[in-house]
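# Results of the structural survey
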There are 2 protein chains.
Amino acid sequence: MSSITILRDDGPAPAEATVQAAVRQAFEQLAAGRAVQPRQVVTDLPDGGDVIAYQAVLADAGVYAVKVSPYLPQPAGKAVVTAWTLLLSTRTGQPLLLADSARLTTERTAATTALAVDLLARPDAHRLAVIGLGPVGRAHLRHARVVRRFTEVRMWSRTATEADLDGLGGDVHLAASADEAADGADVVLLCTSAAAPVVDARRLAPGSLITSVSTNAPMAHEIDPAVLGNLDVYADYAPAAFAAGGEMRLAAAEHGFTLTDIRGDLAGLLAGAAPAPTGARPVFFRSVGLGIEDAAVALAALQILETSS
Amino acid sequence: MSSITILRDDGPAPAEATVQAAVRQAFEQLAAGRAVQPRQVVTDLPDGGDVIAYQAVLADAGVYAVKVSPYLPQPAGKAVVTAWTLLLSTRTGQPLLLADSARLTTERTAATTALAVDLLARPDAHRLAVIGLGPVGRAHLRHARVVRRFTEVRMWSRTATEADLDGLGGDVHLAASADEAADGADVVLLCTSAAAPVVDARRLAPGSLITSVSTNAPMAHEIDPAVLGNLDVYADYAPAAFAAGGEMRLAAAEHGFTLTDIRGDLAGLLAGAAPAPTGARPVFFRSVGLGIEDAAVALAALQILETSS
């Protein structure tokens, strides 16, 4: 058999532009029927916690991927969360890569949001707000800067101080609250593990963009489900976001929100099949995370390893 | 991170009794609510073929497993079929093993059938028929001999000659037809890739056992769906077999066969919750293959590697 590469989490991570190109390509393949995106499968563990399996096929690249991500509550302290991606060749049936995907997941999540910023934010967007200063928030800042020239960045998190902004750039300022950070911003990136609304999306200007990745916790949401009807709603992949997004589930149950109320998703926007934002309302982009993103970033990491070896 | 073991197909395979004990334990855990058996997921590939993912949790052993098995048709010649199992610790979230599961799948399949023979065949069963002389048939012969003292074995396949029996034992004889092999047998093991009935189950004596593993091809079956109503029907896992077994799908569509017509499955038999065969009719056991079997055999292989190193 051919050799399989094991990628530890301390291995080289692909550059932002590389991940973004890989993710964009994956959604283009999805639009063209050359990628397959099955639903994620959640398996509950008898002693608590679960394992989520994300599968995907990228036919042009000739790979099938499955990422398994266990969420393991501990008797004391924080839950253990890991993510491992197995990449198989659909030409030979042999494994190509087993990758620790903790950091890769953060990168592909931020790259997907950046793709949405590129497709949905105003071309002249220059005021950015990032809510959440963990690894996901920091990756979002790095990735968003690749697609727009932001001249003013306001960040906020529950616990952050000025010292947490070290190294992020002179244009980054700490806001006193999430709503203060978001006020007047052209793009607001929600990067929290909050289970309840973080900012009041009704305060955003028409045409401004607010994005949410949220968490895998059941019904987790970062914006008020009641507000969805007043926004231009987009998703990474409409059926997946409608099935898994907490604010969408709640909006469907309580406010008559339906799948067709999602104006478009990334594949639709890239293919020109989904309408652009109306400009009359704020724009909401929700990503739930897809196997094709995991497959794309794992493949990019493998190609870098193969080139450098 | 802890080290991960890579098991190639030429590594040591666990002994029959070891695999059977592991498989039995997995079904006991399933009966006790300590194992989780999600449905298998089939992902179709855009250029033909598919990948089946088999997941499972064995909570007492602290492992989650996913086996991915691509079926890849080739422009010329036979389709490529591989199987790889990734074992993760549900204690640490770290991978333990990535195993080539081609041979392990054959072993766990035969061990599961042997468990059914142990639970469903008459204690004094001594005449065995094995239909199919490929790796699955040969493994079935080895495994069946662990649970019953067969004194006479008749085998048959479309292409086999006497030379193919070399090394199988002096009590093994080649039959002129599948029905001749099955006539008068206490246990008939169907191990073919046939897409249509192989033997006439109506000719079997009351209380005799016929087993079928069949293939993953849609609607593949080795016995006539119309006969199911005249047999005591058992399965490896009733919901999985009813959903995936070709003869059960066809019997449901054409002959009013329902899930409750399956008298029991391995977990039910081990727990004493399922009734024994009536003795008045032939007994049919269908296995479709389960993730808990893959998890159990992979774990057994890992334990052998750890002990021997």
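To start, this report covers the structure provided alongside it. Note that residues are indexed from 1 along each chain, following the sequence as it is written. Here the convention is simple: chains get letters from A, ligands get numbers from 1, in the order in which they are written. pLDDT decides what is reported in this predicted model: residues at 70 or higher carry local features, side-chain atom pairs at 80 or more are listed and counted, and totals for whole chains, interfaces and linings draw on all residues regardless. Side-chain descriptors were evaluated using all non-hydrogen atoms of the structure, hydrogens and water having been removed beforehand.

## Thoughts on the sheet that holds strand β13 (residues 209–212) of chain A
All names here are of chain A.
- Across the sheet, which stays open at both edges, the 8 strands sit in the order β11-β10-β9-β12-β13-β16-β14-β15 with parallel pairing between neighbours. Of all strands in the sheet, those with a lone pairing partner are β11 (172–174) and β15 (262–265), marking the two edges. Each adjacent strand pair in this sheet contributes to an overall mean axis angle of 20 degrees, direction not counted.
- Two strands qualify as a pair provided that DSSP identifies no fewer than 2 bridges between them. The way it works is that DSSP assigns letters per residue, a run of H or I at least four long becomes a helix, a run of E at least two long becomes a strand, and they are numbered from the N terminus. Examined bridge by bridge, strand β10 (residues 152–156) and β11 share 3 bridges and lie parallel to one another. Bridge pairing in β11 links R154 to H173.
- Contacts between residues were defined by any pair of non-hydrogen atoms, one from each residue, lying within 4.5 Å. Axes here refer to lines fitted to C-alpha atoms; in helices the fit is confined to the stretch in contact. Angles between the N-to-C directions go from 0 to 180 degrees. Relative to the sheet, helix α3 (residues 135–147) contacts β9 (127–131), β10, β11 and β12 (187–190), its axis offset from that of β10 by approximately 165 degrees.

## Examining the relation of the copies chain B and chain A
- Superposing chain B onto chain A takes a rotation of 180 degrees combined with a translation of 0.0 Å along the rotation axis, leaving an RMSD of 0.0 Å. Both copies of the chain, as the preceding transformation shows, are related through a two-fold rotation axis.
- Comparing interface residues between copies, 100% of those in chain B also lie at the interface in chain A; the contact surface is shared. Least squares is the method used to superpose the copies, on C-alpha atoms of residues holding a pLDDT of at least 70 in both.

## Thoughts on the interface of chain B and chain A
- Each partner contributes residues to the interface: chain B has 38 residues there, and chain A has 38 residues.
- A 1.4 Å probe defines the accessible area here, and the buried area is the portion of it lost by two parts on being joined, summed over both. Taken together, both faces of the contact between chain B and chain A bury some 3000 Å²; the carbon and sulfur share is 73%.
- Criterion for a salt bridge: a side-chain nitrogen of Lys or Arg within 4 Å of a carboxyl oxygen of Asp or Glu. Where chain B packs against chain A, one counts 2 salt bridges.
- Under this definition, polar contacts are N or O atom pairs within 3.5 Å; protein pairs additionally need one hydrogen-donor-capable and one acceptor-capable atom, and for neighbouring residues in sequence, both atoms have to be side-chain atoms. Where chain B packs against chain A, one counts 5 residue pairs in polar contact (both at pLDDT 80 or more).
- When residues of the side of chain B that touches chain A are assigned to their parent elements, the largest contribution, 5 residues, is made by strand β5 (residues 63–72) of chain B.
- Gly counts as polar in this scheme, as do all residues outside two lists: the nonpolar Ala, Val, Leu, Ile, Met, Phe, Trp, Tyr, Cys and Pro, and the charged Asp, Glu, Lys and Arg. The class makeup of the residues in the side of chain B that touches chain A is 23 nonpolar, 10 polar and 5 charged.

## A look at the packing of aromatic side chains
- Note on aromatic contacts: the rings of Phe and Tyr and the six-membered ring of Trp form a pair at centre separations within 6.5 Å, being stacked when their planes are under 30 degrees apart, edge-to-face when over 60 apart, and tilted otherwise. This model, assessed by the stated rule, comprises 2 aromatic pairs over all chains.
- Its end group placed over the ring of Y54(A), K67(A) keeps NZ or CZ at 4.8 Å from the ring centre. Only when the NZ of Lys or the CZ of Arg is both within 6 Å of the ring centre and within 35 degrees of the ring normal is a charge said to sit over the ring.

## Quick notes on the side chain of E293(A)
All names here are of chain A.
- Summarising the element assignment, E293 is placed in helix α8 (residues 291–308).
- Polar side-chain contacts of E293 include one of 3.3 Å to the side chain of R108.
- Apart from the residues lying within four places of it in its own chain, the contact partners of E293 are F27, R108, T112 and D236.

## Remarks on the packing of helix α2 (residues 102–120) of chain B against helix α3 (residues 135–147) of chain B
All names here are of chain B.
- Where α2 contacts α3, the two axes come as close as 8 Å, and the packing angle between them is 40 degrees. When the axis of α2 is compared with that of α3, the two are oblique. The two elements α2 and α3 meet at a crossing, and its hand is right-handed. Contact with α2, carried on its side by T106, E107, T109, A110, A111, T113, A114, V117 and D118, involves P135, V136, A139, H140, R142, H143, A144 and V147 of α3 and no other residues of that element.
- Across the contact of α2 with α3, the residue classes tally to 9 nonpolar, 5 polar and 3 charged. With respect to orientation, any angle under 35 degrees is reported as roughly parallel, any angle over 145 as roughly antiparallel, any angle of 65 to 115 as roughly perpendicular, and every other angle as oblique. It is the rotation of the near helix from the far one that decides the hand of a crossing: anticlockwise by less than a right angle makes it left-handed, clockwise makes it right-handed.

## A word on the pairing of strand β12 (residues 187–190) of chain B
Residue and element names in this part refer to chain B.
- The alternating pattern of β12 places V187 and L189 on one face and V188 and L190 on the opposite face, and all of these are buried.
- Pairing geometry for strand β9 (residues 127–131) and β12, over 4 bridges, is parallel. By the bridge assignment, L128 is partnered in β12 with V187. A simple rule labels every residue: compare its accessible area, found with a 1.4 Å probe on the protein chains alone, to the largest value its type can have, and call it buried under 20%, exposed over 50%, or partly exposed in between.

## A look at the sheet that holds strand β15 (residues 264–265) of chain B
All names here are of chain B.
- With parallel pairing, 8 strands are arranged side by side in an open sheet as β11-β10-β9-β12-β13-β16-β14-β15. Of all strands in the sheet, those with a lone pairing partner are β11 (172–174) and β15, marking the two edges.
- Of the strand pairs in this sheet, strand β13 (residues 209–212) and strand β16 (residues 283–286) are connected by 4 bridges, and their pairing is parallel. Looking across to β16, one finds that L209 is bridged to V283.
- Helix-sheet contacts for α3 involve β9, β10 (152–156), β11 and β12, and the interaxial angle to β10 is about 165 degrees.
- Across the sheet, helix α6 (residues 246–255) touches β14 (232–235) and β16, and the angle it forms with β16 is around 115 degrees.

## Thoughts on the packing of α2(B) against helix α8 (residues 291–308) of chain B
All names here are of chain B.
- Running from N to C, α2 and α8 point in directions that differ by 115 degrees, and their axes come no closer than 9 Å. For the element pair α2 and α8, the recorded crossing hand is right-handed. Contacts from L104, T105, R108 and T112 in α2 reach E293, D294, V297, A298 and A301 in α8.
- For the contact of α2 with α8, the class distribution of residues is 4 nonpolar, 2 polar and 3 charged.

## Remarks on the environment of A220(B)
All names here are of chain B.
- Tracing the backbone through its elements, the reader meets A220 in the loop between β13 and β14.
- On the accessibility criterion, A220 (2% relative accessible area) is buried.
- Along the primary structure A220 and A125 are separated by 95 residues, whereas in three dimensions their C-alpha atoms are 28 Å apart.
- Sequence-distant contacts of A220, that is, excluding residues within four places in its chain, are made with A194, A195, S214, T215, G246, E247 and R286.

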